[in-house]
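Below are the chains, spelled out letter by letter.
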Amino acid sequence: MKKKVTEVVAALIWDGDRFLICQRPAHKARGLLWEFVGGKVEPGEAKGQALVRECQEELAVTISVGEVFMEVNHDYPDLNVHLTLFNAAIMEGIPQMLEHNDIRWITVEEIPQYEFCPADEVILRRLQHGD
């Protein structure tokens, strides 16, 4: 049986030369792996709207959504995701850990120090190599 594709959005939020990463809670699938903030798109919701809502729910910040940085399809054992990563900027608020185990601002050079969700690997390579 073919798994249906789950539409997921995420934000690449920069602050100078650092970008925001979030650590998944231990009890969730792919627990304690690092990822970009975001989540599932609800039925009838535009991707940009979903991202604004997720950032509000997870970080208590208001973001402005920019251009798409990259799109990725990834097949996990339990689901198939189509991830759209948007460039985004925080308009108001300071990121709070409402749902994550930890949040950090890291530079591209620090990427190898963190274990990310498999779907993010291709994005991280693009950030590191700037292609």
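Before any of the text, the structure's been laid out above.
Let us look at the structure shown here. (Residues numbered from 1 in each chain as written. Predicted model: local features only at pLDDT ≥ 70, side-chain atom pairs only at ≥ 80, totals over all residues. Heavy atoms only, no water.)

## Description of the environment of Asp17
Right, so step 1: Mapped onto the secondary structure, Asp17 falls in the loop between strand S1 (5–15) and strand S2 (18–23).
Right, so step 2: For Asp17, a relative accessible area of 53% corresponds to the exposed category.
Right, so step 3: Residues Asp17 and Trp105, spaced 88 residues apart in sequence, show a C-alpha to C-alpha distance of 9.3 Å.
Right, so step 4: Non-local contacts of Asp17, meaning those with residues more than four positions away in its chain, are made with Ile106, Thr107 and Val108. (Helix = DSSP H or I, 4+ residues; strand = E, 2+ residues; numbered from the N terminus. Buried < 20%, exposed > 50% of the residue type's maximum accessible area, 1.4 Å probe, protein only. Contact = heavy atoms within 4.5 Å.)

## Regarding the nonpolar core
Right, so step 1: Formed by 26 residues in total, the largest nonpolar core has its most connected members in Phe19, Phe36, Ile111, Phe116, Ile123 and Leu127.
Right, so step 2: Looking at this core, the elements with two or more residues in it are S1, S2, strand S5 (62–75), strand S6 (80–92) and helix H2 (121–129).
Right, so step 3: Every residue in contact with Phe36, bar those within four places of it in the chain, is listed here: Ala10, Ala11, Leu12, Phe19, Leu20, Leu85, Asp120, Ile123, Leu124 and Leu127.
Right, so step 4: Grouped together as the second largest cluster of nonpolar side chains are 16 residues, Val37, Val41, Ile63 and Ala88 included. (Core = buried A, V, L, I, M, F, W, Y, C linked by side-chain atoms within 4.5 Å.)

Don't take any of this as a statement about function, it's just geometry.
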